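Working through the structure, step by step
Next come the chains, spelled out residue by residue.
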Amino acid sequence: MRLILEVWRQDGPQAQGRFETHEITDATPEMSLLELLDRLNHQLVEQDQDPVAFESDCREGICGTCGIDINGVPHGPEDNVPACGQHVRSFHDGQTVRIAPFRAKSFPVIRDLIVDRTGLDRIIQAGGTVAVDAGTAPDADTIRITHHDAEEALDFAACIGCGACVSACPNGAAYLFTGAKLAHLRLIPAAQQERSKRARSMVAQMEQEFGPCSQIGECALACPAKIPLRAIAAVNRERIRAGFRSRSKEN
Amino acid sequence: MSAAKATEGKGTAVDPLSLDALRVIGQELDGHLPDVHPRDAWTDRKLHYNLVNPANRRRFKIIVVGTGLAGAGAAAALGELGYDVEVFSYHDVPRRAHSVAAQGGINSPRARKVDNDSIDRFVKDTVKGGDYRGREQDAYRLGEEGIRVIDHMQAIGAAFAREYGGQLATRSFGGVQVSRTYYTRGQTGQQLEIAAAHALSRQVAAGTCKLHSRQELLDIIVKDGRAQGIVVRDLVTGKVRAMTAHAVVLCTGGYGNIYYKATLAKNSNASAIWRAYKRGAFFANPCFVQIHPTALPLMSQWQSKKTLMSESLRNDGRIWAPRKKDDDRDPNDIPEEERFYFLEERYPAFGNLVPRDVASRNIRERIDAGYGVGPLKNAVYLDFRTGIERLGAKVIRERYSNLFDMYHELTGEDPFQTPMRIAPSVHFTMGGLWSDYDQMTSIPGLFVGGEAGWGYHGANRLGANSLLSGCVDGWFTLPYSVPNYLAGLLGKEPLAHDDPAVTQTIADVEARVERLLSVNGSHGPDYFHEKLGAIMDRYASVSRDVEGLTKAIGLIRELREEFWRDVKVIGEGDRLNQELETAGRVADYLELAELLCVDALDRDESAGAHFRTDHEIDGEAARDDEHWCFCSAWGVPAESGPDAGKHIRNYEPLTFVAVPLQQRNYK
């Protein structure tokens, strides 16, 4: 297969970026999009040109490292699939494919297709954690969690932290990410001790760096971990719940 | 031991690739094991550890490298205790470390059921599964601490699967006849890793841990015989800098990517442990490499890696190959009597749940014998039809939904409709930096945790024991043993940054980076990596022999020479440069690969994953306990003298008290 790739090149956060056009003549349908970039880089190195900087790691859809935008869609044309699981078979022979970094004000470009997504980590640091030190937890079998709640918690805990939700949102909101963490920890008994405190601090941090929810649901379509759209409601529910409780109450 | 020593050469060999020209026998090592029954070893050791007063803890600086389960756990736990922790990772955020990709589960001998599990049985399974080449005492510690690991990980957010009664659910894994594997669907590693990374985030927010992301370790600073710091390269700016501390903990994972296409993440590499080795840390059992039986086979030239399909699938999936060679029929059209369920037939007691090395060799045997399936005839089937009929599609979906989705995504085939195609792939390395019982390497002050180390898994790791060892090392071992070392350093400041040992190590790193950039050859680093992978796959994989290993060592030396003559690294060193990162890693693989093959050549027996075709009984690995019941711990060759250039094989004898030596038998 022949594909024309328009790839974003940018030397650093302050540098001016541009699209660069390259042609791949031997793409195959079973190649993943990252393997297509591997192919391009191989070709560039052979021609003594600087290869395209892009991030990836597990290439199994679980680490959340790969974050590229394909033809304006985070991760690529297939819904709910990370870039490493997107394939060339989605394109037709001769098609032009535009590859850009995740676009969001809170994700500055570091180089080419690599962006800085540490803003999401700062939301976690603000309160997406559980204050239990090593060795102090009670017997996990004596704390009962219903089968349903464990499965529900896992639906939200599956977030891979890739940032596609932010990039997909016209407002650059991190509601899906933040809500997934709140909805997950709400169902973990040890984490319930700080439920209100967590909601207040995570939401405050989220609002400091990310935009307001656009309510259109693009985030859930882009999410490779299939985080349910209900996560967005969890942000408001947890925030309002915390608002009704006295500020001195942490749970 | 005497017989092993007796094999030492007398210096008459002329062939540079003969064993006597390649290696020399070194010293016997002391694992500093407690002098009590292995069952009581950890309790005894903890009682004798020195402690650090809570008020003094913040005066001790500890560097932790890596943020997988072991690294994030160790950093968070040491931070919780009040130490001043500096955490380094080449990722952008801690949560991405490759522990995140582990699928099936985490073992814990909590023994809540009446299936007759216990810590002793866990140790028996682990030691026997590892074919008696690990430490029994370490396995006991793993089992003992493994119990509260589940409590802790649950409390900090891991959403373990629950039964309808609300209690924790378990499943079975290979090499074990009880059900002791705790799980969260097929993404247990992810849930544990996120919980651990977030616990680390809590310490970062509290100020006890400082996080240095996008930094790659390129050397260890050793002065006065102690590890006193590290040198890192900032992957964004290219700046090389040092950080000194009272102790350094390496939790930097395994070296399986030496095989080029493995199930490991693309960035997983051996540089941290190899740099430590070059500075004097012994390397234990490098030839013990686990080939996982159930990975997706290679399907095309550009496929960048292999993808694991969790061992847990063997609970409900049945492995088979057609009885007829080159059977091209759709698998659903092949009638039951024409399917060869070879694991079930050959190993009736364990069936599809035999340990990984046994499964891999049997699958490879079927493929090599011409019974492989798929377009490249390089796979066998993993079939869920029986499981779906017995339990219903809903239950199977609950247990494995994300694995089935992943398979569907990658291959375009639905495992509910058609069996998976799977093949063996390099997956885990049991070898790693040698350490004593306190997880301290042969460089005092340098500790190791997780897959970067050795000890628990011997010559073959049991499924779901790696998440366990990462968690136990990080949360419940290093936080005890590192302070014991620190207690003796009270009042000492970390090495000054203008100390000659620091500036020299920085200069060494800069010179090496410069050397890589200045070769200006004709091929990128990947070219050499691919060639190395082909050598390793051919000669150092599921089965090995003297002739092949000898040949491999010669080929690796040629390739290494070619690399330093002809590698091309595009771009400069003072910016983000992924080609440069790859080149440094490949340069280290080219050295480690030789040691791996020398170790495989040296170890004149079969044990677990190390299967030598000249040592087998009925197709099973034949150990030689009389001569080889020890851990090989390799040291850097001397630069001059009669043994110049020879790899030095030190050895730590292994003794087995609770699980007496016996031949493995899964039939």
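Calculation notes
Residues numbered from 1 in each chain as written. Chains lettered and ligands numbered in written order. Predicted model: local features only at pLDDT ≥ 70, side-chain atom pairs only at ≥ 80, totals over all residues. Heavy atoms only, no water. Helix = DSSP H or I, 4+ residues; strand = E, 2+ residues; numbered from the N terminus. Contact = heavy atoms within 4.5 Å. Domains from an automatic or database assignment. Buried area = accessible area lost by both parts, 1.4 Å probe. Salt bridge = Lys/Arg side-chain N within 4 Å of Asp/Glu carboxyl O. Polar contact = N/O pair within 3.5 Å; in protein donor to acceptor, adjacent residues only side chain to side chain. Nonpolar A, V, L, I, M, F, W, Y, C, P; charged D, E, K, R; others polar. 1 Å grid on protein atoms, 1.4 Å probe; cavity = no way out; pocket = protein on both sides within 12 Å on 5 of 7 lines; lining within 4 Å. Points joined across faces, edges and corners; volume = space filled by probe spheres on them. Pairing = 2+ DSSP bridges. Phe/Tyr/Trp six-rings, centres within 6.5 Å; stacked < 30°, edge-to-face > 60°. Buried < 20%, exposed > 50% of the residue type's maximum accessible area, 1.4 Å probe, protein only. Lys NZ or Arg CZ within 6 Å of the ring centre and 35° of its normal. Expected span 1.5 Å × (residues − 1). Arc of directions from axis to C-beta.

Quick notes on the side chain of Asp151 of chain B
Summarising the element assignment, Asp151 of chain B is placed in helix H6 (residues 136–155). Residues within four places of Asp151 of chain B in sequence aside, it is in contact with Ala137, Pro138, Asp139 and Ala140 of chain A together with Arg110 of chain B.

Focus: the domain arrangement of chain B
Residue and element names in this part refer to chain B. Considered domain by domain, chain B is made up of domain 1 (2–23 + 498–653) and domain 2 (292–425). One C-alpha centre belongs to domain 1, the other to domain 2, and the line joining them spans 33 Å. Around 550 Å² of area is buried between domain 1 and domain 2 when both sides are counted, 49% of it from carbon and sulfur atoms. Counting the surface domain 1 buries against domain 2, the share from its top three residues, Val542, Gly608 and Glu620, is 65%. Taken together, the links from domain 1 to domain 2 amount to zero salt bridges. The interface formed by domain 1 and domain 2 contains two residue pairs in polar contact (both at pLDDT 80 or more). When the residues that make up the side of domain 1 that touches domain 2 are grouped by side-chain class, the tally is four nonpolar, three polar and one charged.

Points about empty space enclosed by the protein
Residue and element names in this part refer to chain B. For the structure shown, the criterion picks out 15 cavities of 30 Å³ or more. Roughly 860 Å³ of internal volume is contained in the largest cavity. Around the largest cavity, the lining comprises 50 residues; the ones closest to its centre are His98, Ser99, Gly253, Gly254 and Glu451. Counting only elements with at least two residues in the lining of the largest cavity, the list comes to helix H4 (69–81), strand S8 (215–223), strand S17 (420–429) and helix H13 (465–486). At four residues, H13 tops the list of elements feeding residues into the lining of the largest cavity. Here the residues of the lining of the largest cavity sort into 17 nonpolar, 26 polar and seven charged. Breaking the lining of the second largest cavity down by element, the ones donating at least two residues are S8, helix H8 (271–278), helix H14 (500–518) and helix H17 (578–602).

Digging into the sheet that holds strand S13 (residues 289–295) of chain B
In a beta sheet, neighbouring strands pair by backbone hydrogen bonds and run either parallel or antiparallel. Residue and element names in this part refer to chain B. Pairing within the open sheet is antiparallel, and its five strands lie in the order S13-S17-S16-S14-S15. Each of the sheet's edge strands pairs with one partner strand only, and the pair in question is S13 and strand S15 (339–340). As paired strands, S13 and S17 are joined by five bridges and run antiparallel to one another. Among the inter-strand pairings, Gln290 is bridged to a residue of S17, identified as Phe428.

So, the interface of chain B and chain A
Between chain B and chain A, the contact holds 73 residues from the first and 76 residues from the second. In total, chain B and chain A occlude about 6100 Å² of area from one another, counting both sides; carbon and sulfur atoms represent 51% of this. Between chain B and chain A we count 13 salt bridges in total. When the shortest N-O distance is used, the salt bridge between Lys568 of chain B and Asp48 of chain A registers 2.7 Å. At the boundary of chain B and chain A, one finds 42 residue pairs in polar contact (both at pLDDT 80 or more). Breaking the side of chain B that touches chain A down by element, the ones donating at least two residues are H4, H6, helix H7 (188–206), helix H12 (393–411), H13 and H17 of chain B.

Brief notes about the packing of aromatic side chains
Residues and elements named next belong to chain B. Applying the stated criterion across every chain, the model contains 23 aromatic pairs over all chains. Both rings, one in Phe528 and one in Phe563, keep their centres 5.2 Å apart while their planes meet at 80 degrees; by these two values the pair is edge-to-face. Note that Phe528 is positioned in helix H15 (residues 525–539) and Phe563 in helix H16 (residues 546–566), a separation of 35 residues in sequence. Judged by its relative accessible area of 0%, Phe528 is buried. By relative accessible area, Phe563 is classed as buried at 0%. Site record: aromatic cluster; members linked through ring pairs are Trp42, Tyr49, Tyr437 and Tyr480. The ring of Trp564 carries the charged tip of Arg515 above its face, separated from the ring centre by 3.8 Å.

Things to note about H15 of chain B
All names here are of chain B. Taking 1.5 Å of rise per residue, the 15 residues of H15 would be expected to cover 21 Å, and the 22 Å separating its terminal C-alpha atoms lies within 8% of that figure. Listed as buried for H15 are Pro525, Phe528, His529, Leu532, Gly533, Ile535, Met536 and Tyr539. Each buried residue of H15 lies within a common arc of 165 degrees when the element is viewed along its axis, so the set occupies one face. Where H15 is buried, its residues contact H16 and H17.

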